Amino acid sequence: MAFVTRFAPSPTGPLHLGHAYSAILAHDMARAAGGRFLLRMEDTDLERCRPEWDALIQEDLRWLGLAWDGPILRQAEHIASYNTRLETLETKGLLYPCSCTRSDIRAALAAPQEGVAFNVYPGTCRHRPMESRKSGDALRLNLAAALESLAGVDLCFTETGPAHSGLHRVDPDQAMRQIGDVVLSRKGEDIVAYFLASSFDDADQGITHVIRGEDLFDFTPVQVILQHLFGLPTPVYHHHRLIRDDHGKRLAKRDDARAIRKYREDGATPADIRRMVGLPSP
Ligand SMILES: [Zn+2]
């Protein structure tokens, strides 16, 4: 079986130990399987992404000894195509415009924070036709209609990560309760939801195995539903443990003390980094 995986950082800050763990794990799993390790920059947040972070991430990865295969996919170059593809759901009548507050919508589009469940939308705008869409409106998926259009389809994914290993079936009733009408984009602005863009990219890059932090496990059912709506394949998922700080909190971009660059400046070696995150030498 082919094995193609990717590391997909956002160039909004330096790589830290948590990123290094994710990248090394994905790289090592690909190499062990005789597969490919690809790099993707999740750079759709034009306000926060910087070319200098993009360059530093590449430099850190090379320093760690992680060579990626093929060109880097940069999401910002594909936003028009994401929006065009989204129109197929509009044609199927599965989208509606929503004018609920901008901060709510911005939060809904971002990748999740650990421990924050989906904010299930009460459906206030569900009755609105697409013609009533105004600039700045979000586009939401009508999940009930989407699930109805997928009736009889086996919505499932295989997980190989330690915490949830096995075959998972998406339960439509549970999806309605826990996911609801997610925001997929904001019309007129170059923003699409994290889980939509990454589903398109996984298909475009031929990803067979998604290796990522376990904070994204709860997003997987939404991605499986979207993959079926767009006729995309569902990869195997491997959600790994998170690297935590001394207080048990997940590392964040602002944890500069644990930036790979800082360790490099302090004289650490790539082998030291592997040891720190609990991965064997190559
Ligand atoms: Zn609304």
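Up top is the structure.
Criteria and thresholds
Sequence order as written defines the numbering, with residues in each chain counted from 1. For a predicted model such as this one, the threshold for reporting local features is a pLDDT of at least 70, and the threshold for listing and counting side-chain atom pairs is 80 or more; totals across whole chains, interfaces and linings nevertheless cover every residue. Note that water and hydrogens are dropped before the side-chain values are worked out from all heavy atoms of the structure. Counted as donors are the N, O and S atoms within 2.8 Å of the metal, or 3.2 Å for Na, K and Ca, while water is not among the atoms, so some sites may look incomplete. Any site counts as irregular unless it has four donors with all angles between 85 and 135 degrees, making it tetrahedral, or four or six donors with opposite ones more than 155 degrees apart and the rest between 65 and 115, making it square planar or octahedral. Note on geometry: axes are C-alpha line fits, over the in-contact stretch for helices, and angles between N-to-C directions span 0 to 180 degrees. Note on conventions: DSSP H or I runs of at least 4 residues are helices, E runs of at least 2 residues are strands, and numbering of each starts at the N terminus. The scheme is simple: roughly parallel for angles under 35 degrees, roughly antiparallel for over 145, roughly perpendicular for 65 to 115, oblique for anything else. By the convention used here, residues are in contact when the closest approach between their heavy atoms is within 4.5 Å. Should the near helix be turned counterclockwise from the far one by less than a right angle, the crossing is left-handed, whereas a clockwise turn marks it as right-handed. Strands qualify as paired when DSSP identifies two bridges or more between them. Take the residue count of a helix, subtract one, and multiply by 1.5 Å to get its expected span. For every residue, the accessible area (1.4 Å probe, protein chains only) is compared with the maximum for its type, and the residue is labelled buried under 20%, exposed over 50%, or partly exposed between those bounds. Think of a salt bridge as a Lys or Arg side-chain nitrogen and an Asp or Glu carboxyl oxygen that are within 4 Å of each other. Think of it this way: a Phe, Tyr or Trp ring, Trp meaning its six-membered ring, pairs with another when their centres are within 6.5 Å, and the plane angle makes it stacked under 30 degrees, edge-to-face over 60, tilted otherwise. In our convention, an over-ring charge means Lys NZ or Arg CZ found within 6 Å of a ring centre and within 35 degrees of that ring's normal. Among buried residues, those of type Ala, Val, Leu, Ile, Met, Phe, Trp, Tyr and Cys that are joined through side-chain atoms within 4.5 Å constitute a nonpolar core.

*Asks:* Report on the coordination of the zinc ion, specifying residues and quantitative values.
*Replies:* At 1.9 to 2.3 Å from the zinc ion lie its protein donor atoms, namely Cys-98 (SG), Cys-100 (SG), Tyr-121 (OH) and Cys-125 (SG). Coordination at the zinc ion comes from four donor atoms whose angles at the metal span 100 to 126°, giving a geometry best classed as tetrahedral. Each donor residue of the zinc ion lies on the same chain, and together they follow the pattern C-x1-C-x20-Y-x3-C.

*Asks:* For the packing of helix H3 (residues 79-91) against helix H7 (residues 194-204), give the residues involved together with the corresponding values.
*Replies:* To characterise two packed helices, one gives the angle between the axes of the helices and the distance between these axes. The interhelical angle for the contact between H3 and H7, taken along N-to-C directions, is 100°, at an axis separation of 11 Å. Judged on the interaxial angle alone, H7 and H3 are roughly perpendicular. Contacts between H3 and H7 pair Tyr-82, Arg-85 and Leu-86 from the former with Leu-196, Ala-197, Phe-200, Asp-201 and Asp-204 from the latter.

*Asks:* I'd like to hear about the environment of Leu-232, residue by residue, with values.
*Replies:* Counting through the fold element by element, Leu-232 comes out in the loop between helix H8 (220-229) and strand S11 (236-240). A sequence separation of 205 residues divides Leu-232 from His-27, and the C-alpha atoms of the two residues are 24 Å apart. Beyond its immediate stretch of four places on either side in the chain, Leu-232 contacts Arg-85, Ser-199, Phe-200, Ala-203 and Gln-227.

*Asks:* Which residues make up the packing of H7 against H8, and what values go with them?
*Replies:* Between H7 and H8, the shortest axis-to-axis distance is 10 Å and the interhelical angle comes to 55°. When the axes of H7 and H8 are compared, the pair comes out oblique. Our pair here, H7 against H8, has a crossing hand that is right-handed. Of the residues in H8, those in contact with Phe-195, Leu-196, Ser-198 and Ser-199 of H7 are Val-222, Gln-223, Leu-226 and Gln-227.

*Asks:* Any details on the pairing of strand S8 (residues 183-186)? Residues and values, ideally.
*Replies:* The pairing of strand S5 (residues 138-141) with S8 spans three bridges and is classified as antiparallel. Among the inter-strand pairings, Ala-138 is bridged to a residue of S8, identified as Arg-186. Bridging between S8 and strand S9 (residues 191-192) involves two bridges; their strand directions are antiparallel. Across the sheet, residue Arg-186 finds its bridge partner in S9, namely Ile-191.

*Asks:* Now, about helix H2 (residues 51-63): what can you tell me, with residues and values included?
*Replies:* Here H2 spans 18 Å end to end across 13 residues, near enough to the 18 Å set by a 1.5 Å rise per residue. Of all the positions in H2, only Asp-54, Leu-56, Ile-57, Gln-58, Asp-60 and Leu-61 are classed as buried. The elements touched by buried residues of H2 are strand S1 (4-7), helix H1 (17-32), strand S2 (36-41), strand S3 (73-74) and helix H9 (260-265). Following H2 by one or two positions, Gly-65 adopts a phi angle in the positive range, close to 85°.

*Asks:* Can you tell me about the pattern of salt bridges, naming the residues and giving the values?
*Replies:* All chains considered together, the criterion is met by 17 salt bridges. Linking Arg-40 and Asp-202 is a salt bridge whose minimum nitrogen-to-oxygen distance equals 2.7 Å. Highlighted residues: Arg-40 in strand S2 and Asp-202 in helix H7, separated in sequence by 162 residues. Asp-202 carries the same exposure label as Arg-40, and that label is buried. Shared partners join several salt bridges into a network, and the residues in it are Arg-6, Arg-40, Glu-42, Asp-201 and Asp-202.

*Asks:* Which residues make up the sheet that holds S1, and what are the values?
*Replies:* The strands making up a sheet associate through backbone hydrogen bonding, with each pair oriented either parallel or antiparallel. Spatially, S1-S2-S3 is the arrangement adopted by the three strands of the open sheet, whose pairing is parallel. Two strands in the sheet have a free side with no partner beyond their single neighbour: S1 and S3. With two bridges connecting them, S2 and S3 associate as parallel partners. Bridging across to S3, Met-41 finds its partner in Arg-74.

*Asks:* Tell me about the packing of aromatic side chains, and please be specific about residues and values.
*Replies:* For the structure shown, the criterion picks out six aromatic pairs. Here Tyr-82 and Phe-200 contribute two aromatic rings whose centre-to-centre distance is 5.9 Å and whose plane-to-plane angle is 15°, an arrangement assigned as stacked. Here the residue Tyr-82 occupies a position in helix H3, and Phe-200 occupies one in helix H7, the gap between them amounting to 118 residues. Each member of the pair, Tyr-82 as well as Phe-200, carries the same accessibility label: buried. Pairwise contacts between aromatic rings join Tyr-82, Phe-200 and Phe-230 into one cluster. The ring of Tyr-121 has Arg-140 sitting right over it, with the charged end atom 3.5 Å from the ring centre.

*Asks:* Mind laying out the nonpolar core, listing which residues take part and the relevant values?
*Replies:* One finds Leu-141, Leu-184 and Leu-229 to be the most contacted residues of the largest nonpolar core, which totals 42 residues. Within the residue set of this core, elements represented by two or more residues are H3, S5, helix H5 (143-149), H7 and H8. Counting 29 residues, the second largest nonpolar core, distinct from the first, contains Ala-20, Phe-37, Ile-57 and Leu-61.

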